Structures are given as C-alpha cells and as structure tokens.
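The chain contents come next:
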Amino acid sequence: MARYHIETYGCTSNRGESREIERALRDGGHHPADGPEAADVAILNTCTVVEKTERNMLARARELDDETPADLVITGCMALAQGEQFREADIDADVLHWDDVPEHVRNGECPTVTPDTEPVVDGVVGILPIARGCMSDCSYCITKHATGRIESPTVEENVEKARALVHAGTKELRITGQDTGVYGWDRNQGESLLPELLERICTEIDGEFRVRVGMANPKGVHGVREELAAVFAEHDELYNFLHAPVQSGSDEMLADMRRQHTVSEYVDVVETFDEYLDYWTLSTDFIVGFPTEEPADHRQSLALLRETRPEKINVTRFSKRPGTDAADMKGLGGQTKKDRSKEMSEVKMDVVGAAYESMVGQTSEVLLVEDGTDDSLVGYDSAYRQVAIPGAETAADLGDIAEAEITGHNTVYALGELV
C-alpha cells in the first residue's frame, strides 16, 4: 500500500477534511510516511484566505514538487478556487477535490470497502458496497491479498439495503465495490448481475434519488455492455457516468499489468455507451511509468486519452507495492515517471477543460450533495459532472435538485447560478 505525507493549512474545516482523507487512506491499508521524502504521495491541503497565504501555498507546493520524489496532490480551498495558479506556476501536481484524493492515492489498485460491507449514510449521500473482492490479478495491486475473490450478496439483499438507505434520507446512492462490473460473477456463472441490480433499484424503490455506479473494470463491463448501457439510457435515476479504468493504451502494458482487458475491449465499452447515451461522463485511470513501459507505450496511452476523451481522468505515477510481482521489476527513473506524468496531465487538463467549457451557457438540473467554500453548495448534473454554485446556501438545501445555468468552469468542475 502507499505511504502518504499530508500537510494541512487553514481553518478547522480544512483540518477536518484532512482527517477524513487520512481515515479513508488508513481504511484502505495505506500508512503515513516519515516526511515527504519517504512518501509515495504527498498531499497539500491548501488555504486561500489572503494573498499572502496564496503566495505561501504556491511556495510550499514548489518545495514539495522539487524536493520529493512523491506524486504530489494539491487539494483544499485554493485548489478549488484558484487551481489554475498551480498549473501556471508549472507545478507538477494533480489538483483535486477533497473527496477525490483517496481514490487517486489508490494508484490503480481496487478500492477497499468497509470491513463489514454495511451501508453508510453521510449527509444526503448513501454508500452501498455491493460485494467484497474482485476477479482481477493485477501485477501491481496488493489489495487482492487482503480481500480475495468476489463474494456477492444476492440482488434481493442489495436492493433491500438500497431501499433502507433511501428511506433514511439518501438522495445520492453510491454503488461501490472493488469492481462493480463483476458483481454476481460468483453467483451467475461468470456474468455480471450489475444490470439487473440497477434495474431493480430504479424500478422497485420509491423516492427521489440518483444512483452513481462506482469503479467497474472494462473486462467485467465488456460482456454486458449493451445491457448495461440500455439500463442507463432507460432510467433517469442513474447518473450517466461510468468509471472504467483502462490504465494504459498499450496492450503490451496491459498484459504486463495483468489487466485482463485489451485496449479494443475498453474502446468497445466506450463506443457502446456513446451509442446509447447522448450526454454521459466517461471516467478512467492511467498509470504512467510502469516498469516495462517504453516511450511508444506511453505515446499509445496519450493517443487513447485523446481518442476516447474521458471527462474525468486519474493520472498516477507507478509506485511499487510490497509483495506484488511488479515490485520485483526494475523500475524506471523518477524523472522519467515525472516527465510522463506531466505530459499526460497536460493532455488531461485540455480534454477535461474542453468538456466543462462545452457546458457553459446551458441549464442543468443539479443534485446538491455537499457544502462548498464560503456559502456555495456543490452538486452533480445528470452525467455526474461537478457543479459549484456560489451563494446557493441561502436559497437551497442539500438534497435539493436545483436548476442552474452554467456560467463558467475551473477546468475540472463547472460554476453555476441558480435560476
């Protein structure tokens, strides 16, 4: 698992966000490092209260970027309000919302779930782990040693848990698991029960809510892609959002990673969803600097990113995990990984920024699910694209579905006004 270093600046709220990030990381088996120089990932939780603070945040980010070999993540208030300043300062970092940090630190590994896999209500968000374990054997992933192969409760059991969450006040139901795409493989002779589960949640549970489906590896989705895309197209309760981590645009790299899917299978999934859905969000992950990655492999990943144009992208430099096969491989140099990460992150920002730019001037229905900075509220539109609405706190409540005109964007999220 990853060794992390986290630094927090600013108010009590920021310190609380850092505690939540640390709790999620520790629950996933990650542990703190003895300083940034010993970390696999350094996390800078920023403040932006005055101009001097902004200058201090930029200076500290430069120091971490220059002095540590770690993957640098910048989050917090300045990251959300003025994230472009870090890019303009040529700081090689991923600028993320607080909630996205734990997923990023996974470094391509499957997410772990709560030990008892019981549902959790957090404000208006309900989290439903639908299974434990996965069917993958990725050469870089240590999570499989802790959780084993897929163990799926019945569809009926998960529907009842979902119903209980909605009745408890959930407005956004997050379906989670180490690989939601293979849910039911142990019960259904190697074919996913995810389409059936989503269909039944949408048709059998009363109430106004939306459903976000968590990470689903391309291999598990590929066999049911038509059926799954049809369920998304039929039910407005489902966010039109799919997180299918490809990890590389090179079949040779995917074989070395033991990712099970091929590039063409990933593209098949994307094209199928394109056929069924006019407006949807593709989320994916790339690992750069895998030990056997050649320059040509990296170029293929860049080409795939440009071809499929995912609107949400996690770019992570490879780091070794003890006990994995990839840990025994001779690694690439830190500067090589840093250069490739920077190049891919620049393409990522162009692709993501264009997606959010295309939203400007449109009116969207946004489910408000969390507090933002100052008096803003943050929510998601039908394709699970994030929208921050300044001043919304005085006119709306968490759990409301609000009409918002998109007035601008900050590359990785949209800005809106209530209408």
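Our structure is the block above this text.
Predicted model, so just to flag it, every value in this text is computed and none were measured. Counting restarts for each chain, with residues numbered from 1 along the sequence as it is written. pLDDT decides what is reported in this predicted model: residues at 70 or higher carry local features, side-chain atom pairs at 80 or more are listed and counted, and totals for whole chains, interfaces and linings draw on all residues regardless. To get the side-chain values, all heavy atoms of the structure are used, and hydrogens and water are removed first.

Regarding the pairing of strand β7 (residues 125–129)
Then, number 1: Judged by how many residues are buried, β7 sits mostly within the fold: four of five residues are covered.
Then, number 2: Bridge count between strand β6 (residues 120–122) and β7: three bridges; the pairing is antiparallel. Looking at β7, one finds that V121 is bridged to G126.
Then, number 3: Pairs of strands are assigned from DSSP output, requiring at least two bridges between the strands. Only DSSP runs of H or I reaching four residues or more are called helices, and only runs of E reaching two or more are called strands; each is numbered from the N terminus. Taken together, β6 and the strand that follows it, β7, pair antiparallel across an intervening segment of two residues, in which G123 is found at a positive phi of about 70 degrees.
Then, number 4: Relative to strand β8 (residues 172–176), β7 is paired through five bridges, and the arrangement is parallel. Under the scheme applied here, a residue whose accessible area is under 20% of the maximum for its type counts as buried, over 50% as exposed, and between as partly exposed, the area being computed with a 1.4 Å probe on protein chains only.

Re the side chain of Q82
Then, number 1: Its location among the elements puts Q82 in helix α3 (residues 77–88).
Then, number 2: The class for Q82 is buried, based on a relative accessible area of 14%.

Overview of the sheet that holds strand β4 (residues 71–76)
Then, number 1: On the basis of which strands lie adjacent, the open sheet formed by five strands has the order β2-β1-β3-β4-β5 and parallel pairing. Looking at strand neighbours, the two that pair on one side only are β2 (31–32) and β5 (94–95), the edges of this open sheet.
Then, number 2: Where strand β1 (residues 3–8) meets β2, two bridges bridge the pair, whose relative direction is parallel. Bridge pairing in β2 links Y4 to P32.
Then, number 3: We call two residues contacting when some pair of their heavy atoms lies within 4.5 Å. The convention used is that axes are lines fitted to C-alpha atoms, helices contributing only their stretch in contact, and that angles between N-to-C directions extend from 0 to 180 degrees. Lying on the sheet, α3 is in contact with β3 (41–46), β4 and β5; it crosses β4 at an angle near 135 degrees.

Examining the pairing of β3
Then, number 1: Of all the six residues making up β3, six are buried; the element is thus mostly covered by neighbouring parts of the structure.
Then, number 2: As defined by bridge partners, β1 adjoins β3 across five bridges and the pair is classed as parallel. Counted as the bridge partner of Y4 is V41 from β3.
Then, number 3: Sheet topology note: the β3/β4 ladder contains six bridges and is parallel. Bridge assignment links I43 to a residue of β4, and that residue is V73.

Some details on the sheet that holds strand β14 (residues 377–380)
Then, number 1: One closed barrel accounts for five strands, arranged β13-β14-β15-β17-β16; its pairing is mixed. Across the sheet, the axes of successive neighbouring strands diverge by a mean angle of 55 degrees, strand direction being ignored.
Then, number 2: Across four bridges, β14 lies against strand β15 (residues 386–389) in antiparallel orientation. Across the sheet, the residue bridging to V378 is A388, located in β15.

Description of the nonpolar core
Then, number 1: Among buried residues, the Ala, Val, Leu, Ile, Met, Phe, Trp, Tyr and Cys ones that are joined through side-chain atoms within 4.5 Å form a nonpolar core. Counting residues in each nonpolar core, the largest one holds 68 residues, and the members touching the most others are L198, I201 and F273.
Then, number 2: Among the elements that make up this core, the one with the highest residue count is helix α11 (residues 263–276) (six residues).
Then, number 3: Beyond its immediate stretch of four places on either side in the chain, L198 contacts I175, V211, V213, L228, V231, F232 and L238.
Then, number 4: In terms of nonpolar packing, the next biggest core, distinct from the first, is built from 17 residues, Y4, I21, L25 and L96 among them.

Structural notes on unusual backbone geometry
Then, number 1: Positive phi values are uncommon outside glycine, yet R258 reaches one of about 55 degrees.
Then, number 2: Inspection of the secondary structure puts R258 in the loop between α10 (251–257) and α11.

Examining a negative patch on the surface
Then, number 1: Patch membership requires over 30% relative accessible area and the absence of a salt bridge. Like charges are linked within 9 Å, and nonpolar side chains (Val, Leu, Ile, Met, Phe, Trp, Tyr) within 5 Å. Method for areas: the Shrake-Rupley scheme with a 1.4 Å probe, in which residue coverage is limited to the protein chains shown. A carboxyl oxygen of Asp or Glu within 4 Å of a side-chain nitrogen of Lys or Arg is what we treat as a salt bridge. For the charge count, each Lys or Arg is scored as positive and each Asp or Glu as negative, with His and the chain ends excluded. Each charge is placed at NZ for Lys, CZ for Arg, CG for Asp and CD for Glu. Where like charges cluster on the molecular surface, the negative patch consists of E226, E271, D274, E275 and E307.
Then, number 2: The element contributing the most residues to the negative patch is α11, with three residues.
Then, number 3: Mapped onto the fold, E275 is located in helix α11.

Looking at the pattern of salt bridges
For side chains of opposite charge, pairing can occur when their charged atoms come near one another.
Then, number 1: The final tally for this structure, using the stated rule, is 19 salt bridges.
Then, number 2: Close ionic contact of K348 with D94 constitutes a salt bridge, the shortest N to O distance being 3.7 Å. Here the residue K348 occupies a position in helix α13 (residues 334–357), and D94 occupies one in strand β5, the gap between them amounting to 254 residues. We note that K348, like D94, is buried.
Then, number 3: In this structure, E172 and R174 form a salt bridge, with 2.6 Å as the shortest nitrogen-oxygen distance.
Then, number 4: Its relative accessible area of 0% is what places E172 among the buried residues.
Then, number 5: For R174, a relative accessible area of 14% translates into the label buried.
Then, number 6: Among the ionic contacts, a cluster of salt bridges with common partners joins E156, E196, R200 and E204.

Digging into the side chain of T284
Then, number 1: Residue placement: T284 occurs in strand β11 (residues 281–288).
Then, number 2: By relative accessible area, which is 0% here, T284 ends up buried.
Then, number 3: Within polar-contact distance, the side chain of T284 engages the backbone oxygen of A244 at 2.7 Å.
Then, number 4: Each residue touching T284, except ones within four places of it in the same chain, is listed here: H243, A244, P245, V246, Y266, P310, K312, I313 and N314. In protein, a polar contact requires one atom able to donate a hydrogen and another able to accept it; more generally it is a pair of N or O atoms within 3.5 Å, and residues adjacent in sequence count only if both atoms are side-chain atoms.

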